[in-house]
Each structure stands twice: as C-alpha cells, then as structure tokens.
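One-letter residues, chain by chain:
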Amino acid sequence: MTEPTAPADAAPSASRPPLWRDVRILRVAFQVAVVAVIALVLGTLVGNVRANSERLGIPTGFEYLDNPAQFPIPDSDFRQAQPVRDAIGEGLGNTLRVVLLGIVVSTVLGVLVGIGRLSGNWLVRTAARIYVEILRNVPLLLLIYFSYFALALTTFPRVADAWEPLGLALFSNRGVVVPWVDGGIAPLVIGGVVAIGAAVGISRWRTAVADRTGAPAHTARYALPAMVLVLSVAWLVSGLGASIPERDGNRVTGGIRMSPEYFAIFFALVIYTASHIAEIVRGSIQAVDRGQGEAASALALSGSQRLRYVVLPQAFRIAVPPIGNQYLNLSKNSTLGAVVGYFELARVTAISVGNGAPAVPSYLLLLAIFLVLSLVLSFGVNVVNRRLALVER
Amino acid sequence: MRRLRGAAAILAAGVLVLGACTGDDDDDDAGDTTTTEAPADDGGGDTGTDTGGGTGGGDGDTLAAVQDAGVLRCGTRDELPGFAVLDSAGEHVGFDADFCRVIAAAVLGDAEAVEFVDLETADRFTALQAGDIDVLVRNTTWTATRDGAEGATFLQPNFYDGQGMMVAADAGFGSLEDLAGQVVCVAGGTTTEGNVATEFSRRGLEIPEVLPFDSPDLLQVAFQEGRCDGWSSDLSQLTGLRSAYPDGPDSLVIFPDAFSKEPLAPAVADGDSQWAQVVNWAVLATIQAEEFGLTSENVDQVLAETTDPNIRQFLGEAGEDAVLDPGLGLPTDFAYQVVSQVGSYAEIYDEHITPLGLERGLNSLWTDGGMLYAPPYR
Amino acid sequence: MTTTLRAAPAATIRTWLRRNLFRNRVDGVVTVVSAAVIGTVLFRAARFVLVTGRWEVIEANLRLLMVGRFPTVHLPRVAVSLAVASLVGGFVAGIVHQRQVAAGTSVVAHLSVVARLADLVERFWPALLGAALLLSLTSTAGPWITVGGALAAGLVGRLVGARLPALTHPVVVVAAVVTPFALVAYLADAVGWDSWGGLMLNVYLAIASMILCFPLGVLAALGRRSTLPAVRWISTGYIELFRGAPLFVLLLMANVALGFFVPAGSAPGRVARAIVVFTLFTGAYMAEIVRGGLQSLPRGQAEAGRALGLSPTRVTFHIVLPQALRNVIPAQVGQLISLFKDTTLAGFAMGLFELGNISESITSQGPFRGQQLLPEVVAFVALLFWIGSYTMARESQRLERKLGVGRR
C-alpha cells in the first residue's frame, strides 16, 4: 500500500539530515578542527622553544629583567649597573619622546603642505607637489640614514666651530642645545595645565560675549597673553632659573639637548609622515562636495574663511581615520631609530639580547609593549573620530 | 550539500595555505643543498646558507654532522684588518680565518674545507644558538655571561687582549683622564660599552658619554666628523684600524694602558662537550707545535728525523710503537695536518698580527713569559 | 547705453604671473619667501649632484648595487631571466590590448604608432631615465646587452601577443603565472638565493612576498567576516597582531629568535625568513584593505546572489570578491609600494646584502674608505627606489581611472 505523498506526521527522524551532512554539526566540527590545528602548531612551537633553551642552558622566563644591564644609554642618567627593566623604561621614554612630538609636528606640517597643494599660488602648489611625490616614494630608512650622515654629522659644524646664535643656543654635530629652565619640569607641567585651563575658560567667556553682543570674539588676543602670563608666574613663583648652554672646549653644559641621533630620526620621520598626511588632507579636501565651497564663495567668504569655516571641518571628518593610521605607522617607524643609534625601545631590546638576555622573552615583551602602544593610539583616534562623526537622524 | 562543499572548500584552502607555509622550508632546503659549492666562488657562498645538516642537540652530534657534511661552518667577519678581511679574490684572510682553517684541518683533514659565515656583532651568539654555524671564531671575549646566559662554551683563548682607547693626535688628549666627561665611541653589542664606564668609575673620573655603533665603518665616519673624542675597542682591533686609517696611522694615538681583560677565544654552542673538546685540542695543537719548534716548513723533516717520542706521539706517528688515540674523536694525525696545512701559533701570529705592529706580549709561550700553555698530549 | 563685452585680455607672461603668483599682497610675500627658500634648496641639491658629488663610487660598484655578489660567470642567467620575463610580460600586454580592442575599451587603439610610443614614454619616463643613467655609468657591454635584450624581447612579445588567437590566451596566462617561479628556480640553480644581493634581491623579496601575501590576505579578510566564531577569532588575532607589530622588530625577531622555534639546525635561510615575515605582515594589511572593500559593497549584491540560489562560496568568489577587490585596487597597490620600500629593512635587520645594506659596505671598501661617500651612495639608492615606487604609483592611478573606480 503506497501513498503518493507522505503524511505530515511521518517519523520525525526521517526529515533530519544524517550527521555527516548536518550543517550545525559540520560548523562545530570545522571549528574544532581549526582550533586543534592551531593549538597543535602553537604547542609544537612552544615545545621547540623549551627544548632549545634547555639544550643551550638559556632561561625562558622573565628573570633577566632584574639582571644589571651592562650597557650605558647615552643622553640619560642611566647607569649600566641598573637592572634591565630600567633600561627598557628609558627606551620606552625615548620612543614616546619621538612619537608624541613627531605626531604633533608632522600633523602641522602635513596639513600645511596638503592645503598648499591646492593653493592658488603656482609656486607653492608645485613645490608641495614635488615634496609629496618625492618623499612618498623613498624608503624611510634611507631618509634616516641620509639625515644622520649627510645632515646631522657632516652639515652641522663641529663642536669647536659651533654656531651660537645670540650666545643663547648652540648648533653642532654633537647636538642642538637650547636654554631651558633649571631644576625640573614639574612646576612647568602644573603651570602648563593651569594655562590651558585658563585658555579654555577665556575662550568660553569670549564666545559667550560674542553670542550675546555680536562683537567679534577675538579669543586669541585674550587667551594667548593670559597663557604667557600664567606660565611666567609659574616660572617666577617656583624660583626657577634658566640654564644657558655654555661651551668649554668640546664639552657643552647646561640647557636641554637634542642629540644628533634624535634629530636624524625625528626629522626624517616628520617629513616622511607629513608627506603622507598631506596626501590624505588633499584627498579629503577634494572629497568635500564642491557645492559647499561654491556656496561659501557665494556668501562672500574669503578664501581663507571658506577653508577655515566650511571646507576644513568637513574634510577633517573624512581625514581622521587615515591620519590615525599614519600615526600608528609613525609609532612603528620610530623603531628605525635603532639604525642610527638612537636608544629607543627596539634598540635597547636588541642590545640587551646581545648582552645575554634571552631572545624569545625579550622580543615577546617588546612586541607586547608595541601592541599596547598601538591600542592606545587607535583608541585615542577613535575617540576623536566619534566626536567628529556626523549624527545621522 | 552546498554547505558541505562550501565548508570543504574553505578547509581545503586553509590546508593549502598551511601547506604553502611548510612548503617554503622544503623549497628552501632544496635550494640550499644545491649551494654546497666550493666557498671560493666570489664569496658567493658566504652569507648564511645552511648545508642541510642538523647540528647540536647532544653529545657527539656536531662532530658527526660536520664530518658528514664535509665542511666546517665557521662564523667570522669580513672587515677587521689582521683578523678577518676579504682579499681581492674574495677569500677570507687573517688570524681568526686561519684558526677556522686549523679546526677544519684537524676535524676534516682539509684546511680549505671551511664555509666562512660573515656575522654582524649582534648575530654572533644567535647564530651559534640556532645552529647556523658550528664554531664562532670572531675575536669574541670570553665572559661569564656569555658562558651562561648566551648558551656558548668558550675554549682555549687564541689571543689575550685588553681594551684600549684611541684619540686623534691633534685633539690634545694626553691620557685617559683627559677624556673624563667627553664622548667616546665604541662598537655596540660588545663588552667595550660596559668596560668604559666601569673603568672610569674605578678611577673615580666622570664617566664619558658612550656612543655605540653597529659597524666600524659608521663609527669611523662619526669619529672623523668629530662626533666623539675617543674610540675605544680591543687593542688589537685599534691597531688594525689605525693601520688602515685614511688620514694615515700617525693622525691617531693609542693610549698604552689597557683597562680590561679581553681573552679572545673560539666558542661553540652549549650541550655538546665532545665537539667542544675537539675544537679545544685543535687550537691547542698550534700552541704545542710552537713549543716543539715545529713549523709548516720543517714538520716533514722533523717527523722523519726526530727521536723525541713526545713529538712523534703528538704528530700521530709512532713507528714501531702504538699510535696514541686519546679518544677525542679526532683522527690520530690531526696535529700533523694542522701544522703542515696551516702552521704553528707563531707562524699564524707572525703572518697576520706582527705586521700590525703588535708585540707577542701575553701571547707568547709560557716559557717566554706569556700565557700560552698547552696541556700535555698524552 | 550699451555695454560691450570685451574678450579677456590675451594671456601674457604678465597676466600669468599676476594670476598665479601675485594675486594679492600676502600672496606676493609668500611667493618671494618660498622662491628664496626653494631656490637655496635647489641650488644646493644641484651643486651636490653636479659639482661636489663624487660619483666614481657608484660607477665602480654598479654591479654590486644591481646584483650583489652574484658570480660573474652566472650573470648571463640574469640577462636571460630579464628577457624571458619581458617576453612573457609582452605577451600578456598584447593579449590585454587585443581584448580591449575587441571590447572597444582601448584608449590607444586609435593612435598612430608614434603617438603610442609617446604615450609609453610619458608613462614610464622615470624608468627610462633611470635605465639611461645606469647605462651611462657602466663601462662594460653586459648591461647594454641585458637592457637591449629585455626591451627587444618585450617588443617582440607585445607584437606577437596582439596577434595570438583567442584559444591560446589561457595558455599564455598560465605561462605568465608559472614564469616567476621558473625564473627563480633557474637563478637559484646557479647560486642559492641566500647569496643574491643588490637590487635583484630587493625585487625578489618584494615580488615573492606580493605573490604569497595576496591569497593570505583574502583568506584572512573572509575569515574575519565569517560566521564561525573560532575562525573569526583566529583571523582577527592574526590581523591585529601583525598590524600592531613594527616590521623592523618582526625582522629582528626572525633573525634572532626564529632559531628557537624550530628544531636545532633546521632554521630556514635568511632570505626565506625575510619572505615569510614580509608575507605575514603584508597579508595582515591586505586583509584589512580587502575587508574594507567587502564592506564597501552594498549588501544587495550578496543577497541577490543568494536569491539566485548560489551557494555562499559561489556568491563570495564570483560576485562579492571581484567587485570588492576592484574597489580597493589603489589601496592594494599602495600597500605593495610600501612593501617594495620596506625591503630595505631586511638588510639592516637581518644582514641581507640588499641595496640599503650594500651602501654601507661600499663606502668601506679600500679606495673609498673614510671619504664620507655615504651621501652619494644613499642618494643613488634612494633614486632607484623612487623610480620603482613612482612608476608603480602612476600606473595604479592610470588603472584606477581606466576601471572607473569610485565613479560608478
């Protein structure tokens, strides 16, 4: 007795696919297989590291961090008897000095060059274009090499013939020394924070006045003198002197020094990253709808007003993610300072490995620090990005 | 059915990718085994090919692997006058290069069966650790940390050196004290960095700023430009570099006092004591040969004529007596091969170091008041 | 009262200056200051290149810079490889031209031969100038033969390729894919690639990593968007790990620490290690770029594919990926240009004898020692890299325009 169609309440097991074709089981099985393979590979690698380290008698833990470093770090108070962890701290400090200052200066330069590429002035436009086209296509390593050996070491004069403008600063191939405050940086930092707070307060006040009365705000005219005043008060109150660099034979004492190695890596990084940022800025300005610029012109805004009030704010919204990427690249490119002997983190690690620290834990630590640094930078860029993002209704 | 195929496709692609990764190594090994040509080929075979033999991993493995491969991989350098440089034909010549040949002559019976691997300073010990080289003969100082944490075993020092300081002749520095608080350039990643600071604090002087450079060429550029006032390194290195200085050796002054102990010795990787002994006795053979008065020229004659049983035993020739095999793993005539193919310690020193102007000093035999003392071969 | 409209005054130098350089007072000041600064820089650069630069060091070491310590006896293999690569490249160009003409999308088909040559020159002038410079510095016949052979082979390939019947096109494509591997094997047969050097090594590292990183990047991007959590986590982990790590540090690690991860003595040679690191690193960046391309695609495309009954795999490989990849071509080429420039890091991190590292050892050779010739050598090497990168960048812009990226 056959029926042409099976009734709807036929045995339920007949409608379930067999195990080897069931998608749910296949998905789980595939993932289990992938995880197993990865675990196997990682397990083999870790096992090999252990076996090789045992064979050579090299430790695999992080105890080496307490050993004395046995190498000096130029341009700092680090003594070679201090433990390796202090050396790593110094290296990280050096890296941050390059990265943070480099981000600021390269952004400024990059924005200027990017805007210059769209300038009406033919000379500026062509010069910016040549600058970008040359520097974007040259390896950064060669730029660093060049800035050290062709600029910092040879073009700058020797110490004996150092250039001393106004008797205040000193330019030589042993570094650039400028006057600095005596006795520490803490009062300056506090003064700086107060000054920034004052500037913010003043800008709020002037904006409120402008909104109320319609008179121009002139924030800068009020804020800048106020900041200078606050900083001078901080300087006087803490009784700080100034230290002026002085030269005695080959030695230079006083002031704050930027070593030629720092100059080389800083200069090369800044002009290189600025060329990339310039391209991003140019692209983002051109991506802003032309109608915006035309409307601004129709409202009789001048060229710079059009840029400042209409085009640039919209352009920055587009530009922030790629510029954030360039900041990450800059932080990673700072490791190239090792090539010219700038003691940033990668060089400190490489030298400590050369002096007996175990290779695998040292480099894993270095990678971990850079991952954290990248995460922090991306987080900062994301915060800015979110604040600038368009609120879509 | 479609999903199965999709899953299978992704799985297959993943396996392919993983296979490609391991395939890299296979391709590379295939590529490497075709490069075991004679090393004297425009220096073409010198940069780190491994000849497919696994080394290290336990007693007896390295010696067997080297003998199987038929070539000794010796880690050295290519730009230190007197110790290891490339001549115009691309051959390695120098004191350390000759000691590589000594070890090859002892182990393989052929002094030219050496593959010279030029290493940067930073790569010296990692190459040993990874098994890229069998022995490191690269004017490397024997220290406690390198014995321990670097996983190396150091052998009979072939050069007892000290660290010195070199300055420009017209800079006005008369002695080490004048450099207090100045700037000193050193070769990075070596013992010299730490020694400068240690020495100055030992003398109670202000520690100078120490600048490490990765290569002697860049160091020389910086020194010439006046970036640093002093150049500190092993005295043997300084002498060699001064002799090749472009402005002439007289434009530089090396201070006579040495301020650290720098015993330069060949090194092998930890974990294979048989290989360490083999290399050790190969080096000791040159010292013992000098003590016996043997040279590459007279060794055949001496062997034919001498009645001294010590010399006959040493050269592995005993006549009616039994030949001595101390069980090191070396052929019984290894000393003969070393002396006849390369030479005694005196010959090697005179050919490479004496032209630089360095006296034997500590590097003489113990009978002449120096430090070279070979244990008896019996 | 009638107003007559006058034609704009004829463009003279004066009007051009007024309009472009001296629009108003501020502009005038800017022009003067910039002219002073730029003039000084240009003067010093010109003086360096033409007067004070001592370029003998380049002339004497041209072979080292181009092929490193490759044995002279095997150099004909390099010339042969270049010619074969040129020939196959010409075939492919000819086939592409044929198809474009058939599809009506060719931009040069209507031009005369002279105009086409002019177009080629305009596209590749940096490379042509560079080749002319190199040939002018050399004193032996070898380089002339190499360059001439490559050009002739390319020309022959192009002419023949444009006339090949359509049936042979797949054969040519397969040949083009196989050729790089065959040439590498051919050259490695003479001298293992651990002994290669100079520009040849940089190009080899770049091309090998480019070819290998592409499938890796696509797979990782697809994996990151997968619905299977394990696959997604692993892909994300790989991508974030290699994007956060500096390439220089990875190369240092490969040089120093890799020996620990493999059984003793079996660590791969340095060139292989460098290629693996470059591939993994660029693969992670490629994955992000491809992911951006996948996200830029409207979801309707994939949904339409599913509605047509195609399996997810078919939807991905036939509908989604082609469009996504085409959208991100500029970003991909930018990444490849970065890869080419980053091959210099392999020299400094791993001691490979590539172009940047050679600059250092050239300046320490006997007759050139201690004469501070580093600026000259570095400038020359930078020029070589600039030619390669600039040509690639312009070609990518041209491709972008032709494919109409961003305009559909």
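Computed from a predicted structure; not experimentally measured.

**What to know about the overall build of chain B**
Item 1. Regarding its fold elements, chain B presents 13 helices and 14 strands.
Item 2. Every one of the 378 residues in chain B was classed for burial, and the buried ones make up 52%.

**Notes on helix α17 (residues 355–362) of chain C**
Residues spaced three or four apart along an α-helix face the same direction, because each turn holds 3.6 residues.
Item 1. Across the 8 residues of α17 of chain C, 7 count as buried, placing the element largely inside the fold.
Item 2. When we look at burial in α17 of chain C, the residues that qualify are Leu355, Gly356, Asn357, Ile358, Ser359, Glu360 and Ile362 of chain C.

**Re the pairing of strand β2 (residues 175–178) of chain A**
All names here are of chain A.
Item 1. Sheet topology places strand β1 (residues 170–172) next to β2; 3 bridges connect them, and they run antiparallel. The residue bridging leucine 170 from the neighbouring strand is valine 177, located in β2.
Item 2. Taking the residues between adjacent antiparallel strands as the criterion, β1 and β2 are bridged by 2 residues.
Item 3. Both β2 and strand β7 (residues 256–258) contribute to a ladder of 3 bridges, which runs antiparallel. Residue pairing for β7: valine 177 is matched across the bridge by arginine 257.

**Overview of the sheet that holds strand β2 (residues 79–80) of chain B**
Residues and elements named next belong to chain B.
Item 1. Judged by pairing direction, the sheet is antiparallel, and its 3 strands sit side by side in the order β2-β3-β4 without closing on themselves. In this open sheet, the two strands that pair with only one neighbour each are β2 and β4 (92–93).
Item 2. Summarising the sheet, β2 and strand β3 (residues 84–86) pair through 2 bridges and their orientation is antiparallel. Looking at β3, one finds that leucine 80 is bridged to alanine 84.

**Observations regarding the interface of chain C and chain A**
Item 1. In this assembly, 43 residues from chain C lie in contact with 45 residues from chain A.
Item 2. When residues of the side of chain C that touches chain A are traced back to their parent elements, those giving at least two are α2 (25–52), α10 (229–244), α11 (247–256), α12 (258–261), α16 (329–350) and α18 (374–403) of chain C.
Item 3. Of the residues belonging to the side of chain C that touches chain A, the class tally is 32 nonpolar, 8 polar and 3 charged.

**Re the sheet that holds β7 of chain A**
Residue and element names in this part refer to chain A.
Item 1. Reading across from one edge, β1-β2-β7 is the order of the 3 strands in this open sheet, with antiparallel pairing throughout. Only two strands of the sheet have a single neighbouring strand rather than two, namely β1 and β7. On average, adjacent strands in this sheet sit at an angle of 15° to one another, irrespective of strand direction.

**Observations concerning the packing of helix α5 (residues 75–103) of chain C against helix α7 (residues 141–161) of chain C**
All names here are of chain C.
Item 1. Orientation of α5 relative to α7, taken along the N-to-C sense of each, is 25°, at an axis distance of 6 Å. With respect to α7, the element α5 is oriented roughly parallel. Of the two possible hands of crossing, α5 and α7 adopt the one that is right-handed.
Item 2. For the contact of α5 with α7, the per-class residue count stands at 17 nonpolar, 10 polar and 1 charged.

**Remarks on the environment of arginine 138 of chain B**
All names here are of chain B.
Item 1. Assignment of secondary structure puts arginine 138 in the loop between β6 (135–136) and α5 (144–148).
Item 2. Residues arginine 138 and valine 184, spaced 46 residues apart in sequence, show a C-alpha to C-alpha distance of 23 Å.
Item 3. Other than its neighbours up to four places away in sequence, arginine 138 contacts Gly75, Thr76, Arg77, Asp96, Leu119 and Arg124.

**What to know about the environment of aspartate 300 of chain B**
Residue and element names in this part refer to chain B.
Item 1. Residue position: aspartate 300 is located in helix α10 (residues 299–305).
Item 2. Residue classification places aspartate 300 among the partly exposed positions, given that 13 C-beta atoms sit within 10 Å.
Item 3. Linking aspartate 300 and tyrosine 336, residues 36 residues apart in sequence, is a C-alpha distance of 8.8 Å.

**Structural notes on the nonpolar core**
Item 1. Core analysis: the largest hydrophobic core is formed by 272 residues, its most contacted members being Ile144 and Ile265 of chain A, Leu72, Ile103 and Ala282 of chain B together with Leu251 and Ala274 of chain C.
Item 2. Aside from chain neighbours lying at most four places away, what touches isoleucine 103 of chain B is Leu72, Val135, Val279 and Ala282 of chain B.
Item 3. Ala83, Val88, Ala150 and Ala153 of chain C belong to the second largest nonpolar core, which has 7 residues in total.

**Details of the pairing of strand β11 (residues 230–234) of chain B**
Residues and elements named next belong to chain B.
Item 1. For β11, the buried fraction is high: 5 of the 5 residues fall into the buried class.
Item 2. Note that strand β8 (residues 159–168) and β11 share 5 bridges and pair antiparallel. Each bridged residue has a counterpart across the sheet, and for glycine 164 the counterpart in β11 is serine 233.
Item 3. Inspection of the sheet shows strand β9 (residues 183–187) paired to β11 by 3 bridges, in the parallel sense. Across the sheet, residue cysteine 185 finds its bridge partner in β11, namely tryptophan 231.

Thresholds, definitions, all that
Residues numbered from 1 in each chain as written. Chains lettered and ligands numbered in written order. Predicted model: local features only at pLDDT ≥ 70, side-chain atom pairs only at ≥ 80, totals over all residues. Helix = DSSP H or I, 4+ residues; strand = E, 2+ residues; numbered from the N terminus. Buried ≥ 20, exposed ≤ 12 C-beta atoms within 10 Å, placed from the backbone. Pairing = 2+ DSSP bridges. Contact = placed C-beta atoms within 7 Å. Nonpolar A, V, L, I, M, F, W, Y, C, P; charged D, E, K, R; others polar. Axes fitted to C-alpha atoms, helices over the stretch in contact; angles between N-to-C directions. Parallel < 35°, antiparallel > 145°, perpendicular 65-115°, else oblique. Left-handed = near helix turned anticlockwise from the far one by under 90°. Core = buried A, V, L, I, M, F, W, Y, C linked by C-beta atoms within 7 Å.

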